[in-house]
Amino acid sequence: MGDRIVKLILRGFGVFLLTAFLTLSPVHAQESADMQPVDDVNPNIGGIGILLTSTQPLVQYPFGMARVAPETTPGMGDRYLADKIYGFPTGPVTLMVSTGAADAHAGTYASEYDHDLEEATPYFYEAELQTWGIKAEYTVTQNAVIYRFTFPAAKQAHVALRMQGDAALDVQGSTVVQGSRRVYGAYGQNGFPPTSNQVTREYFYAVFSQPMQKWQTWQGTQLSQTAEQTGDKVGYAGTLSTNAGETVEVRIGISYISANQARRNLEEQIPAWDFDQVKQQARQVWNNALGQIVVTGETHRQRRIFYTALYRSLQRMTDITEDGRYYSGYDHKVHAAHGHDFYVNDGAWDTFRSMHPLQLLLNGKQQEDMIRSYLRMYEQSGWMPSFPSVSGPKAVMIGHHADQIILDAYEKGYRDFNVEEAYAAMKKNALQASMLPWTSGPMTRLGREYLQKGFFPALAYGEKETAPQVTGELRQAVSVTLESAYDDWCVATLAQALGKDADASYFMKLARNYRNVFNPAIGFMAPKSADGEWVAHYDPRLGGGQGARDYFTEMDGWVWTFSVQHDVAGLIQLMGGRAAFNAKLDQLFVEPLGTSKFRFLNQFPDATGLVGLYAQGNEPSFHIPYLYDFSGQPWKTQRRVRQMMSVWYGDGPLGIPGDDDGGETSSWYVLSALGFYPVCPGSPVYEIGSPIFARSVIQMGDGKNFTIIARQVSAKNKYIQSATLNGHPLTKPWFSQADIANGATLVLEMGETPNRQWGNQPEDAPPSMSASGNRGS
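Each chain carries its own residue numbering, running from 1 in the written order of its sequence. Since the coordinates come from a predicted model, pLDDT governs what is reported: local features require at least 70, and pairs of side-chain atoms require 80 or more to be given and counted, while whole-chain, interface and lining totals use all residues. As a convention, hydrogens and water are excluded, and side-chain values are obtained from all of the structure's heavy atoms.

**Quick word on unusual backbone geometry**
Keep this limit in mind: Where helices and strands are cited, they refer to DSSP runs of H or I of at least four residues and of E of at least two residues respectively, numbered from the N terminus.
At the junction of Arg316 and Met317, the peptide bond is cis and its omega measures out at 10° in the coordinates. Within the secondary structure, Met317 sits in the loop between helix H6 (300-313) and strand S19 (318-319). Phi angles above zero are rare outside glycine, and His332 is one such case at about 60°. Its location among the elements puts His332 in the loop between strand S20 (325-328) and strand S21 (333-336). Within the chain, Asp661 stands out as a residue other than glycine whose phi angle is a positive 50°. Assignment of secondary structure puts Asp661 in the loop between helix H19 (634-648) and helix H20 (664-674).

Below is the structure:
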């Protein structure tokens, strides 16, 4: 583990030099020469949710296992508005300090705090616990955390640890406490709750810099002198006297393997009481990671938004490798990592769209290890998950979108994983796994109907549900059809690459199933019942009930009509050609809600960041502004992308347009600000938008640089007048991975009026399944 930390620090030395060089360019002459990318990160961006969840100011390593953010006032979902800190969750245990009474209730230790007296960064956090007059600070390594508390004069200062759920705590003297807690929230490999011998636990090992003069423990609410406590609501309160300005430090190692491994993680990563060294090391790790992309020619506001978005894009998946081993919640065993780290904590329905493609651009080898992790889960459980957690697969959302992650890496040249096994896992999911929303396990009758009829059946108007496996998330039938067709295209494309011609033909036919739910009479994707008839009384704007879940996933029929990422050319044909497609796409951005905003958002709480019926706050929308690149009007992509970045992303607590979903919403901004986006992960191309920076340098994982230069760029100059790629004229609004793999320079001449001729010819469009001459046609 120590070697890995050293590599993280040293890997970006060249990045550091590049960053320093560009930071000292004339554009930044007015800024401090010491300003680095990590200094522009504001973890409190998004701390107030637009409607649903807010972000957390996490302190962690990139992809780190140790992740800490203050636990604030219960029930206050908008964390930035909370008035109190209740503790600092560290793996399974929550740590808090006070100068009040020792007590078993968390609220007794809570303290008021003030953001004006707070410092939040990716690598370090500091706050004044005003109720107690204590300054709290912490920083992290990959698997450990160190706290520093500066106390006032107090006869009875307390250091408290608490856990809820199936927990165990063991006091091992005046300076050491260890324990563990069961990790909840996942399902067993067949979609059922795990049995008693399939329990994932997280362990901690805590050491105090000063011996406690006395201590008490509890289980429930009763304080005692019992060294070992088990059950729900267990805790520890150590007591000592402090002088004014005296510091007490706490080091905590965490592990999914054992308490002894937690101790080893701590001793290897934070072996001494040197808070500032650990803090500086964490700062350097983050600066190296963020410094892989260096931007110039921007406002300070744009830098804050950009580097904060990049920080959030590098938080997961989570690397849970410990000393060359990892615990797997997929067979509940400890395995050797064999030189390839093991990652969990993903939500592929969200992250396949832009977060994984961004990470692939920056570190392809790491993405290969993430794919290896998916395949290990498949080996250990029999299924490849879409929402892998540390304790097993979560049954969340729809689709099998590890497919896109795997195919995208393969098509972009990153193939250091068992491709045949990956294909087998993808094929098994396509043919044998449940297609029902928010379920896992074997395929049901409704999934088999998709394979047989070419669409996932919705309930007819007035029909009652008879399928027992359908959950409260309902059928979401049209979205399931559309996303399954995309998944099937991924399987077909990989089959084709592997020479499995019969499979390729079969799955390519399934990839066209999106056509079966397009109703030409109304011009929208629409639900069909099992008899093949269109569902009566369907309203593409407000139909489908809460969240449109009868027919769609979280969004309305307007947005989902454009969800054919693998075959935009085919969708354009269905709609009657480019002119009709563009008219429909234009209308999306100005279409009225059809009801009051209050009623609309009550029905569609995920549809925040609205521009017409387009919703920048939710993933099904993300690719849509880039579809004009396919239909001969890339200048409209340039306009709309700039609009979304300007209106719906900010540098304050309201700066995220919707749920960030583990960094996915932020990763959209990162790529769009650079000037490109992958409409169809799995296809090795990027569609061009409108960059906001005069110069961006991306240091790709193989050491090659991809430079984007936007001449005369400004808020007004958002339209591309002409372009060159590696010195050659570029007349199409996209480029391929092969174009940039060995290093590249993209130069865009920008202006304030659209060049409607640039990229407007049919042959300029990016590849699609149905486009003439493209694979899969």
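Now that the structure is up, let's keep going.
**Remarks on the state of the cysteines**
We apply this condition: Pairs of cysteine sulfur atoms within 2.5 Å are identified as disulfides in what follows. For the exposure calls, accessible area comes from a 1.4 Å probe over protein chains only, and a residue counts as buried if that area is under 20% of its type's maximum, exposed if over 50%, partly exposed in between.
In this structure the tally under the stated criterion is 0 disulfides. Cys680 provides the cysteine sulfur closest to Cys490, a residue in no disulfide bond, and the two sulfurs are 6.7 Å apart. A residue is classified by how much of its surface remains accessible, and Cys490, at 0% relative accessible area, is buried. Classification of Cys680 by relative accessible area gives buried; the value is 9%.

**Quick word on the pairing of S20**
Stated precisely, the cut-off is as follows: Pairing between two strands requires that DSSP report at least two bridges joining them.
When S20 meets S21, the two strands line up antiparallel, connected through 4 bridges. In the sheet register, Tyr327 faces S21, and the bridge partner there is Val334. Hairpin remark: S20 followed by S21, antiparallel, with 4 residues in the connecting loop; positive phi at His332, about 60°.

**So, helix H11 (residues 419-432)**
The periodicity of an α-helix, 3.6 residues per turn, causes residues three or four places apart in sequence to face the same way. Applied cut-off: Expected helix span is computed as 1.5 Å times (number of residues minus one). Residues are treated as being in contact if the distance between any of their heavy atoms lies within 4.5 Å. Any N or O atom pair separated by 3.5 Å or less is treated as a polar contact, with the protein-specific requirement of one donor-capable and one acceptor-capable atom, and with residues adjacent in sequence counted only for side-chain atom pairs.
The terminal C-alpha atoms of H11, which comprises 14 residues, lie 20 Å apart, in line with the 20 Å expected from a rise of 1.5 Å per residue. The set of residues buried in H11 consists of Val419, Glu421, Ala422, Tyr423, Ala425, Met426, Asn429 and Ala430. Residues of H11 that are buried make contact with helix H9 (364-381), helix H10 (402-411), helix H12 (445-453), helix H13 (477-497) and helix H14 (501-511). The opening residue of H11, the one whose side-chain oxygen lies 3.3 Å from the backbone nitrogen of Glu420, is Asn418.

**Concerning the pairing of strand S31 (residues 695-699)**
The element S31 is largely enclosed, with a buried count of 4 among its 5 residues. Sheet analysis places strand S18 (residues 293-296) next to S31, joined by 4 bridges and oriented antiparallel. The residue of S31 that forms the bridge with Val294 is Val697. Alignment of S31 against strand S32 (residues 705-711), held across 5 bridges, turns out to be antiparallel. Within S32, the residue paired with Ser696 across the bridge is Ile708. Between S31 and S32, which pair antiparallel in sequence order, lie 5 residues; one of them, Gly703, sits at a positive phi of approximately 90°.

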